[in-house]
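Spelled out, the chains give:
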Amino acid sequence: MASRSTMVVAIMALAAFATSAGAFTGTPSARTLGQTPRSATSSRQGLWRAPVVASAVVDESTQSGVDKVNEASKKFGGPLSVVTDSLSGVAFAALHAFDDCGVQDAAKNLRVLWTRAFLANSGILEDDVAYELLPESTRGFVSPAAVGAWSAFLPFCDWIKARTEYLDMILTNFLGNHVEGEEPYQVVVIGAGYDTRSLRRQGPNVNFYEVDLPEIVDGKGRLYSKYTNAHPERSTLPTMIGMDLDECRGDSGKPSIIDRLVEAGLKPGVPTMFTFEAVLFYLEPDAVQGLMNSLTDYGQKTETVIAFTDSLKGLGVTKPFLPEVQPVFKERGFETLTHRAQWGGAVHFTSSVSTTADGQTGLRDHMQSNLPPLINSYAPQYTLNSGELLKEPSFRNSWYAVTLSGEVPSEGTPYATRLWGEPMVLFRDKNGEVQCLRDVCPHRAAPLSMGTVSEGSLKCMYHGWSFGKDGQCDDVPTMPGQTLDSGFLKSSCATNYAVVEHEDLIWVWGGNVLEADVTKLPTQRKGEETLYVDTMLDYNVDWSYIVENNLDSPHIYWLHDGSIPPLDSLGFNRDNVDRFTLRRFKDEIGVGHVGKTADKSTTKIVRFDAPNIVRHCGVSGFSEEFHIVPIAPHRTRVLLRQHFPKGPILNGVSKDPFLMFAFRKLMLWWNWNIALEDYSVMQGQAHNIEDLGADHILRPGLGDDLIAEFYNWRQEALRREGNPYFASWQGKGDKADKVDKVDAAAMAATDSEYEIGANPRPLRRGPRSDDGRIWASAPGAAS
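Source: prediction; values computed, not measured. (Residues numbered from 1 in each chain as written. Predicted model: local features only at pLDDT ≥ 70, side-chain atom pairs only at ≥ 80, totals over all residues. Heavy atoms only, no water.)

K.L.:
Summarise the state of the cysteines; cite the residues concerned and give the values.
P.N.:
Enumeration according to the criterion identifies zero disulfides in this entry. Summary of cysteine pairing: Cys441 is not part of a disulfide, and the nearest cysteine sulfur, belonging to Cys460, is at 3.9 Å. Accessibility expressed as a relative area gives 3% for Cys441, which makes it buried. (Disulfide = S-S within 2.5 Å. Buried < 20%, exposed > 50% of the residue type's maximum accessible area, 1.4 Å probe, protein only.)

K.L.:
Tell me about the sheet that holds strand β10 (residues 415-419), and name the residues and values.
P.N.:
The sheet built from three strands is open, its strands ordered β10-β11-β12 with antiparallel pairing. Among the strands making up the open sheet, the edge pair consists of β10 and β12 (434-438). Strand-to-strand twist in this sheet, taken as the mean axis angle between neighbours without regard to direction, amounts to 35°. (Pairing = 2+ DSSP bridges. Helix = DSSP H or I, 4+ residues; strand = E, 2+ residues; numbered from the N terminus. Axes fitted to C-alpha atoms, helices over the stretch in contact; angles between N-to-C directions.)

K.L.:
Quick one: what's the story with the sheet that holds strand β18 (residues 505-509), residue by residue and with numbers?
P.N.:
Reading across from one edge, β9-β18-β17 is the order of the three strands in this open sheet, with antiparallel pairing throughout. Strands with a single pairing partner mark the edges of an open sheet, and in this sheet they are β9 (399-404) and β17 (499-502). Mean inter-strand twist for the sheet, computed between neighbouring axes without regard to direction, equals 30°. Of the strand pairs in this sheet, β17 and β18 are connected by four bridges, and their pairing is antiparallel. Directly across from His502, in β18, lies its bridge partner Leu505.

K.L.:
Could you give me a rundown of the nonpolar core, with the residues and numbers involved?
P.N.:
In this structure, Leu426, Tyr539, Trp543 and Leu551 are the most contacted members of the largest nonpolar core, which totals 60 residues. Trp150, Val187, Ala307 and Met367 belong to the second-largest nonpolar core, a separate cluster that totals 50 residues. (Core = buried A, V, L, I, M, F, W, Y, C linked by side-chain atoms within 4.5 Å.)

K.L.:
Please give an account of the pairing of strand β26 (residues 635-645) that cites residues and values.
P.N.:
Of all the 11 residues making up β26, 10 are buried; the element is thus mostly covered by neighbouring parts of the structure. Strand direction decides the pairing type here: strand β20 (residues 530-539) and β26, joined by 10 bridges, are antiparallel. Each bridged residue has a counterpart across the sheet, and for Met536 the counterpart in β26 is Leu639. Turn length for the strand β25 (residues 623-632)-β26 hairpin, with the two strands adjacent in sequence and antiparallel, is two residues, and the turn residue His634 shows positive phi of about 65°.

K.L.:
So what about the packing of helix α14 (residues 543-551) against helix α19 (residues 704-721)? Which residues, and what values?
P.N.:
Between α14 and α19, the least distance of the axes is 9 Å, while the angle of their chain directions is 150°. Here α19 runs roughly antiparallel to α14, going by the angle between their axes. Crossing geometry of α14 relative to α19 is assigned as right-handed. Counted together, Trp543, Ser544, Tyr545, Val547, Glu548 and Leu551 of α14 and Leu706, Ile707, Phe710, Tyr711, Trp713 and Arg714 of α19 form the full contact between these two elements. Considered class by class, the residues forming the contact of α14 with α19 number nine nonpolar, one polar and two charged. (Parallel < 35°, antiparallel > 145°, perpendicular 65-115°, else oblique. Left-handed = near helix turned anticlockwise from the far one by under 90°. Contact = heavy atoms within 4.5 Å. Nonpolar A, V, L, I, M, F, W, Y, C, P; charged D, E, K, R; others polar.)

K.L.:
An account of unusual backbone geometry is needed here, citing residue identities and associated values.
P.N.:
Following Ala610, the chain continues to Pro611 via a peptide bond in cis, the omega torsion being 5°. Its place among the elements puts Pro611 in the loop between β23 (603-609) and β24 (613-618). Positive phi values are uncommon outside glycine, yet Ala445 reaches one of about 65°. Looking at the secondary structure, you find Ala445 in the loop between β12 and β13 (452-454). Residue classification places Ala445 among the partly exposed positions, given a relative accessible area of 32%. Despite not being glycine, Asp504 has its phi angle at roughly 65°, a positive value. One can find Asp504 in the loop between β17 and β18. A residue is classified by how much of its surface remains accessible, and Asp504, at 42% relative accessible area, is partly exposed.

K.L.:
So, helix α10 (residues 322-330): which residues are in play, and what are the values?
P.N.:
Because each turn of an α-helix spans 3.6 residues, side chains separated by three or four positions end up pointing in the same direction. Taken as a whole, α10 has its buried residues at Leu322, Pro323, Val325, Val328 and Phe329. Structurally, α10 contributes buried residues whose contacts are with α9 (285-299), β5 (304-310), β6 (334-342) and β7 (347-354).

K.L.:
Lay out the packing of helix α5 (residues 158-175) against helix α11 (residues 362-370) in plain terms, naming residues and giving numbers.
P.N.:
For any two helices packed against each other, the geometry comes down to the angle between their axes and how far apart the axes lie. Taken N-terminus to C-terminus, the directions of α5 and α11 make an angle of 130°; their axes are 9 Å apart at the nearest point. By the angle between their directions, the pair α5 and α11 is classed as oblique. Crossing hand, α5 versus α11: right-handed. Where α5 approaches α11, its residues Ile170, Asn173 and Phe174 are matched on the opposing element by Leu363, His366, Met367 and Asn370. Considering only residue class, the contact of α5 with α11 consists of four nonpolar, three polar and no charged.

K.L.:
I'd like a description of α19, backed by residues and values.
P.N.:
Counted at 1.5 Å a residue, the expected span for α19 with its 18 residues is 26 Å, and the 26 Å between its end C-alpha atoms agrees. Those residues of α19 lying buried are Asp704, Leu706, Ile707, Phe710, Tyr711, Trp713 and Ala717. Where the residues of α19 are buried, they touch α12 (386-391), α14, β21 (580-586), β22 (591-597) and β23. Among the residues trailing α19, Gly722 stands out with phi positive, at a value near 80°. (Expected span 1.5 Å × (residues − 1).)

K.L.:
Can you explain the pattern of salt bridges? Please cite residues and give values.
P.N.:
Scanning the entire structure with this criterion turns up 34 salt bridges. The shortest N-O distance in the salt bridge between Lys161 and Glu165 comes to 3.2 Å. Residue Lys161 and its partner Glu165 are located together in helix α5, separated by four residues, close to a single helical turn. One salt bridge connects Lys254 with Glu247, and the closest N-O pair in it is separated by 3.5 Å. For Lys254, a relative accessible area of 47% translates into the label partly exposed. Through salt bridges that share partners, Arg116, Asp127, Arg163, Asp168, Asp195, Arg197, Arg200 and Glu277 make up one connected network. (Salt bridge = Lys/Arg side-chain N within 4 Å of Asp/Glu carboxyl O.)

K.L.:
Please set out the environment of Arg116 residue by residue, giving values where relevant.
P.N.:
Its place among the elements puts Arg116 in helix α3 (residues 107-121). Each C-alpha atom, one on Arg116 and one on Thr196, is 9.3 Å from the other, the two residues being 80 residues apart in sequence.

K.L.:
An account of the pairing of β6 is requested, with residue identities and associated values reported.
P.N.:
β6 sits mainly inside the fold: eight of its nine residues count as buried. Looking at chain direction, β6 and β7 are connected through eight bridges and run antiparallel. Bridging across to β7, Thr336 finds its partner in Ser352.

K.L.:
Now, about the packing of aromatic side chains: what can you tell me, with residues and values included?
P.N.:
A complete count under the given rule lists 27 aromatic pairs for this structure. Pairing Phe395 with Trp543 gives two aromatic rings, centres 6.2 Å apart and planes at 80°, and the pair type is edge-to-face. Of this pair, Phe395 sits in the loop between α12 and β9 while Trp543 sits in helix α14, and the two are 148 residues apart along the sequence. On the accessibility criterion, Trp543 (2% relative accessible area) is buried. Geometry around Phe349 places Arg340 over its ring, the cationic atom sitting 4.3 Å from the centre. The ring of Trp558 carries the charged tip of Arg574 above its face, separated from the ring centre by 4.2 Å. (Phe/Tyr/Trp six-rings, centres within 6.5 Å; stacked < 30°, edge-to-face > 60°. Lys NZ or Arg CZ within 6 Å of the ring centre and 35° of its normal.)

In structure tokens:
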């Protein structure tokens, strides 16, 4: 008994390893057409044959659809995929050896089914069907009581979870348009594998169709029938169509997929949704084109939604950028509803709705109103009001990231900084919310940043006056007995600024506090979660030099010349400087360049998000955002956030404090090296331009159009609003040196004694260097 248990556990561990390793390779754990290895020699239907790892010669004329897909899978996933497919093939063959339904399928399909059951019983995915489709003899290994033993493999299952949740979300919105009494809506699951959606979501408002290879339709029918017999409340089986999708080629001479579906009962004219879940990876481009041509024709007369968690390479889309996806569907009469990409564009999560269905717009209007608005942006992160600011240049009507969340304390020394030269102090109140106040006490103008934070209040160092949420004065030690409702405390509030904590950054509104709009905060596409590393860099140059530096793509090749390993590995060195091209673009958010190095897969996106953010991204999923904060004239802080696409390796790294510490230190070291190379040039620029009167751009070169556009934008903002830098506060306190006497009557009303007399104040000047530039007092706490 013990030896048998050991053997089964070993099989399960092998399956878990193969599943996780398959996810690591980036190979979609696809439930696609043609993934059921068919054994010509097996006399027992329940036995499953592992895919052949390698063969010297592949005779395509004798290959089944299953074998063709297995070969395509190896090509897609690479050598590691071949190994993991072989391992999982052995493991899942053993787990299904005594399957009483005669399930015959490839490791990838079974891997998805087991992963769904594992995630569901771990409380991570809503799927109450997958576990019951597994063989009774072995499914106990992913039972609710056993899943804890495999929890280390959860990070490797994100791909299955993400694609399941995405398609479920689109399906929910699609069915939400159905009205009682209408014909049931139709859902066609292409290359279903062991999809549980048709069992989970069945009802009187929907008819499901599943298209799969003929080899596996019989086994699926038996398995699904067994499930519905045990669950009479879910007794409706999907209509199954056996078909090899390679027959969708225009020259195949066989009925189209729509012809097959109509023959099986699909009703043209009734709203229909088609789903593709890791199917198109395994089809030839001409088959993909033929398939999409059929759906295009169908969508001209029927309200149609198409949803993908799949490759779009067969449609000519090889990059992850939405502006390159939209035209592909637009020319086919479909409007893109949602989009995000993974693995550098290898997989697209996207959905579209037909726009030419005989003038019918009900489904399109419903989907658009119930899904998040689609932002046409090359970068996955974006500033929502940047497009408005480009049209109406302004320094004020925007949020500025001024520091990292971890820098603002709830106890101890508050955080002092400046924005456009105006002194500010930040701390956390008793609820942990960030407060931002003018760095001056309303009592006698002492800097509040010299005080301390205690129990959610900021206490002035000079006389102990205490300020809490929104700058409310909540205590004056020399005036015991005052309540928060007292007139004196109400009139003694510190001036506060609009501030919000968002995505682990602290944002301050640059304009009128009453006009602060949180909907204009920068954000990123939902579902594109990343692991990010933050670096804070301080420069003694004007912010504009740093904006232009980060908009300048060509200098990466020459100035930096592969000075750190990531740049060198991507070909950013002088050897390639004459093989680099730029293409200008304008999306909904801003303007930028698409850069490409000849013979390299690297594509670099650079974009300006007004008023002060530069974004870099590419096809790999890596992106970075430079928040270029004007602290004071000739004093700038850069909050650099670098996003890394989450995957099994980074998920593991992020949970290990030592590895994360080492990873952050490595990134910090690289960023400092690059920053020093840039800083040396920018200081020279500033001297030549500001001190000696050199032209900023005398002879424009490659890429300088974007820099010129930024300076034109800045000039227009200056014309509209004047110099954005702070000069002085314009409150009553600023006139104290011109007041001969303090209002004695107002003071007497407080029942306290005050000394009455002149209150002279000398002109105060900030610390300056010999050349007149303002310097910060210390790194990490600009003041």
